[in-house]
Amino acid sequence: MSAVKNSTDIEVPPQEVKKTIALVQILRLGDIIQTVQMAQGLRYVHGEKYRLLLIARKQFATPLKKIIDSVFDECITVDLNDLTLSSQTTNLENTLTNIEALRSKINLNNIEVCINLSYSKSANYLMSLINAQHKIGPHYDTNANIVINDKWSQYLYANVLETNQNPYSLVDLFNFIVGVDLTSTTKNKVKNSVKKKLIIHPFASDPKKKWSESKWVEIIFKFLKDNTDKAVHIVGAKSDLECCDKIIKNPLLKDYLDRIHVDCAKLSINELKESMDSDTCFIGHDSMVSHLASLQQIPIITVSIGPVRPHETTPYIEGVYNLSPQTKCFPCKPDTKCDFYQCHADIPFQTINEVLNLVANGKEVTEEALKEKLSHFHLNSINIRKSEFNESGVYILKSITKDESNYLDTTASFYRLAWAYLFNGIEVKQDLPIISDKTHQQIMTDMKGLHQFYELCEFGKKYSRYILEEISSKTPDIQKIKSFSNKVDEVDKLSDLIAQTYPQLTPVTNFAKISKANLHGDNLVKLTESSFYAFNDLSNLCSIIYDLCEKTLTSKQKEKTNLSTINPR
């Protein structure tokens with residue numbers, strides 16, 4: 001790159017062209033906001049070093065333009081109706097024309113790295129059209145095979161889509177995939193104080209994710225009755241007007257209509273964001289609106305039910321309260337059929353009201369404060385957690401009502417530590433969980449499965465090494481190589497049996513399957529080396545989790561011994 005001269009004939013040093021990082025996020029509004037929050041961390045760490053390009057769906061990116069433009073240098077929008085044959089106005093010829101126009105527009109950018117954060121078939125195909133020096137996340141290769149090269153994308157693909165045991169926020173997973181150092185980013189925190197305005201978003205796209213209107217009527221009634229100086233604003237889309245109408249026309253609220261404001265379909269997203277001022281707090285289900293509220297740092301309460309996974313989608317800011325049921329089948333999958341929403345019934349509105357009163361009046365929600373107003377009946381069926389960032393900068397939800405950790409929370413703490421250490425070398429200091437006798441038995445079962453899977457991985461390492469040694473010998477024996485390869489195949493088949501026998505170990509076995517399906521290399525040596533390292537990672541993962549299980553059980557046994565010493569029979 002040569003120097004140039006300005007109008008006064010002074011040589012100006014050549015300017016280095018910024019490298020472009022392209023992020024593909026063609027999912028919904030909430031996913032875009034979470035992508036923006038990750039990009040804010042990237043900007044905080046690297047400043048303007050990189051040029052950021054967002055590729056998003058037009059219908060979702062357009063209303064979020066102001067928020068997107070605050071972080072990204074450019075946003076290219078995709079209208080899927082123009083790229084498919086799903087409407088009457090499109091045909092094969094103009095669809096191909098539209099695809100080529102989009103491809104050319106994207107490829108005008110000199111993209112260093114293109115990262116797929118969407119995990120959908122449409123995004124995977126789109127990735128295959130983009131020219132980039134490096135591609136991260138799922139994409140199709142020239143043989144139409146799906147490829148996922150990086151470990152964190154493999155993890156997300158294996159666990160977020162398929163299990164309910166992912167312990168990470170989606171924002172942190174995006175951070176890990178992109179390579180943002182969580183210890184170097186700034187952490188936003190809720191600004192607590194007495195609030196006079198409550199914004200409620202009682203709606204969701206899936207009936208399993210939202211309470212009935214009658215429950216929200218109870219919430220609004222009790223809140224306005226107990227707080228005579230406060231007002232309620234109900235927000236939502238045009239499609240929510242019918243449900244909103246059922247709420248405000250309930251006879252129970254007739255004396256409070258002067259303090260209930262219906263803002264459904266009245267505010268744009270930017271107007272809604274600006275309405276969340278310093279005098280506001282928020283309560284609602286998992287939705288774009290809750291993530292919007294986190295950008296304003298106002299107090300937030302989210303109610304997670306149905307298929308909602310609190311660890312993944314609770315708004316990414318310290319100080320959020322999340323309430324979820326302890327129902328055995330929670331969280332379910334979106335396609336799980338449910339005739340009676342037991343998880344809805346397991347969250348008493350009295351508990352919600354008490355948490356809401358404390359938050360709206362600028363008070364800390366503690367177990368002691370709740371027990372002053374509520375019975376054990378109201379607290380025993382619900383999880384009440386508060387968000388914080390641990391010393392490694394990882395977002396976590398911490399229970400405020402339980403001394404004992406249930407099975408899912410216990411294993412979540414193990415997985416959170418194990419994955420971060422395995423992939424990033426992050427060492428997290430955390431106390432061993434206090435567990436119940438029931439959780440104790442479940443962990444003992446897990447340890448049997450972990451031990452068996454560990455042994456299989458060690459066999460996989462051994463036979464992969466044998467193949468490499470035979471190939472490197474002066475006179476390689478093809479029959480021996482085939483025999484060792486068959487042994488590796490047997491290990492993979494036995495791994496499937498482990499997955500069937502110990503379904504609670506799905507996070508490990510799912511990742512194993514994705515990892516083995518994405519071995520690196522274009523020849524036998526490279527593929528075998530990749531296989532060896534994959535088995536080695538899985539072996540280390542099992543070892544870390546097994547060790548955490550063992551230490552937790554030992555701690556539990558010591559606790560029992562101490563109790564029996566203090567209180568002998």
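Residues numbered from 1 in each chain as written. Predicted model: local features only at pLDDT ≥ 70, side-chain atom pairs only at ≥ 80, totals over all residues. Heavy atoms only, no water.

Novice: Hey, could you run me through the pairing of strand β16 (residues 382-389) in this one?
Specialist: It is a general feature of regular strands that their side chains alternate between the two faces of the sheet. By the criterion of burial, β16 is predominantly enclosed, with 7 of the 8 residues buried. Both strand β15 (residues 321-325) and β16 contribute to a ladder of 5 bridges, which runs antiparallel. Residue Asn 322 lies in a different strand from β16, and its bridge partner there is Arg 385. Here β16 pairs with strand β17 (residues 395-399) via 5 bridges, running antiparallel. (Buried < 20%, exposed > 50% of the residue type's maximum accessible area, 1.4 Å probe, protein only. Helix = DSSP H or I, 4+ residues; strand = E, 2+ residues; numbered from the N terminus. Pairing = 2+ DSSP bridges.)

Novice: Explain the environment of Asn 424 to me, please; I cannot follow it from the model alone.
Specialist: Summarising the element assignment, Asn 424 is placed in helix α18 (residues 407-424). A C-alpha to C-alpha distance of 13 Å links Asn 424 and Gly 393, two positions 31 residues apart in sequence. Excluding residues within four positions of it along the chain, Asn 424 makes contact with Trp 152, Phe 176 and Trp 419. Here the side chain of Asn 424 touches Trp 152 through a polar contact of 2.8 Å, side chain to side chain. (Contact = heavy atoms within 4.5 Å. Polar contact = N/O pair within 3.5 Å; in protein donor to acceptor, adjacent residues only side chain to side chain.)

Novice: Teacher, can you tell me more about unusual backbone geometry here?
Specialist: Residues apart from glycine generally show negative phi values, whereas peptide bonds are mostly found in trans. Residue Pro 331 follows Phe 330 across a cis peptide bond; omega there is -5 degrees. Note that Pro 331 resides in the loop between β15 and α14 (342-345). Backbone geometry at Ala 144 places phi at a positive 65 degrees, although glycine is not the residue there. Residue placement: Ala 144 occurs in the loop between β8 (139-140) and β9 (146-147). Unusually for a residue other than glycine, Ala 265 sits at a positive phi of about 65 degrees. Tracing the backbone through its elements, the reader meets Ala 265 in the loop between β12 (260-262) and α11 (269-275). In this structure Ala 265 comes out as partly exposed when scored by relative accessible area, which is 42%.

Novice: Help me out: how do you make sense of the packing of aromatic side chains in this one?
Specialist: Under the defined criterion, the tally for this structure stands at 22 aromatic pairs. Consider the rings of Tyr 119 and Tyr 157, whose centres lie 6.3 Å apart with planes at 45 degrees: the pair is tilted. In this pair, Tyr 119 is assigned in the loop between β6 (111-116) and α6 (121-129) and Tyr 157 in helix α7 (residues 151-159), connecting sequence segments 38 residues apart. When its relative accessible area of 10% is taken as the criterion, Tyr 119 is described as buried. The class for Tyr 157 is partly exposed, based on a relative accessible area of 25%. The rings of Trp 152, Tyr 155, Tyr 168, Phe 176, Tyr 415, Trp 419, Phe 423 and Phe 511 are connected pair by pair, giving a single aromatic cluster. (Phe/Tyr/Trp six-rings, centres within 6.5 Å; stacked < 30°, edge-to-face > 60°.)

Novice: Which parts of the structure should I look at to understand the packing of helix α9 (residues 213-226) against helix α10 (residues 241-248)?
Specialist: Between two packed helices, both the angle of their axes relative to each other and the distance between the axes serve to describe the pair. Remark: α9 packs on α10, axes separated minimally by 9 Å, with the N-to-C direction vectors making an angle of 50 degrees. Accordingly, the angle class assigned to the pair α9 and α10 is oblique. Where α9 crosses over α10, the two elements pack in a sense that is right-handed. In contact with Glu 213, Trp 216, Val 217 and Ile 220 of α9, α10 contributes Cys 243, Lys 246 and Ile 247. Of the residues contributing to the contact of α9 with α10, the split by class is 5 nonpolar, no polar and 2 charged. (Axes fitted to C-alpha atoms, helices over the stretch in contact; angles between N-to-C directions. Parallel < 35°, antiparallel > 145°, perpendicular 65-115°, else oblique. Left-handed = near helix turned anticlockwise from the far one by under 90°. Nonpolar A, V, L, I, M, F, W, Y, C, P; charged D, E, K, R; others polar.)

Novice: Please clarify how the sheet that holds strand β10 (residues 197-201) should be interpreted in this entry.
Specialist: Strand order in the open sheet formed by 8 strands is β12-β11-β10-β13-β14-β15-β16-β17, with mixed pairing between adjacent strands. Both outer strands of the open sheet, β12 and β17, are each paired with one neighbouring strand and no more. Averaged over all pairs of adjacent strands, the angle between strand axes in this sheet comes to 25 degrees, irrespective of strand direction. Here 4 bridges tie strand β13 (residues 280-285) to strand β14 (residues 300-303), and the two strands are oriented parallel to one another. Across the sheet, Phe 282 pairs through a bridge with Ile 300, a residue of β14.

Novice: Help me understand the sheet that holds strand β4 (residues 50-57), please; the structure alone is not making it clear to me.
Specialist: Remark on secondary structure: sheet strands pair via backbone hydrogen bonds, oriented parallel or antiparallel. If you walk across this open sheet you meet the 5 strands as β5-β4-β3-β6-β7, and the pairing is parallel. Across the chains shown, the open sheet's two edge strands, defined by having one partner strand only, are β5 (74-78) and β7 (134-136). Along the sheet, successive strands turn relative to each other by an average axial angle of 20 degrees, direction set aside. Here 3 bridges tie β6 to β7, and the two strands are oriented parallel to one another. Each bridged residue has a counterpart across the sheet, and for Ile 115 the counterpart in β7 is Ile 136.

Novice: How should empty space enclosed by the protein be read in this particular structure?
Specialist: Empty space among the atoms becomes apparent when a probe as large as a water molecule is rolled across them. Applying the stated criterion across every chain yields a total of 3 cavities of 30 Å³ or more. Approximately 40 Å³ is the volume attributed to the largest cavity. Taken together, Thr 411, Phe 414, Tyr 415, Asp 446, Leu 450, Leu 505, Ile 545 and Cys 549 form the lining of the largest cavity. Only α18, α19 (437-472) and α22 (524-566) provide two or more residues apiece to the lining of the largest cavity. Counting residues per element, the lining of the largest cavity draws most heavily on α18, which supplies 3 residues. Taken together, the residues of the lining of the largest cavity sort by class into 6 nonpolar, 1 polar and 1 charged. (1 Å grid on protein atoms, 1.4 Å probe; cavity = no way out; pocket = protein on both sides within 12 Å on 5 of 7 lines; lining within 4 Å. Points joined across faces, edges and corners; volume = space filled by probe spheres on them.)

Novice: Before we go on, may I ask you to explain the state of the cysteines in this structure?
Specialist: What we call a disulfide is simply a covalent bond connecting the sulfur atoms of a pair of cysteines. Summed over all chains, the structure comprises 0 disulfides. You can see Cys 343 has no disulfide; the closest cysteine sulfur is in Cys 329, sitting 6.2 Å from it. (Disulfide = S-S within 2.5 Å.)

Novice: Would you mind going over the side chain of Ser 290 with me for this structure?
Specialist: Checked against the element boundaries, Ser 290 lands in helix α12 (residues 288-295). A distance of 2.7 Å separates the side chain of Ser 290 from the backbone oxygen of Ser 287, its partner in a polar contact. Discounting residues that sit within four places of it in the chain, Ser 290 has contacts with Phe 282, His 285, Ile 300, Thr 302 and Pro 315.

Novice: Before we go on, may I ask you to explain the side chain of His 344 in this structure?
Specialist: With respect to the helices, strands and loops of the structure, His 344 is situated in helix α14. Since its relative accessible area comes to 9%, His 344 is described here as buried. Look past the residues within four positions of His 344 in its chain and what remains in contact with it is Pro 207, Lys 208, Lys 210, Trp 211, Lys 215 and Ile 305.

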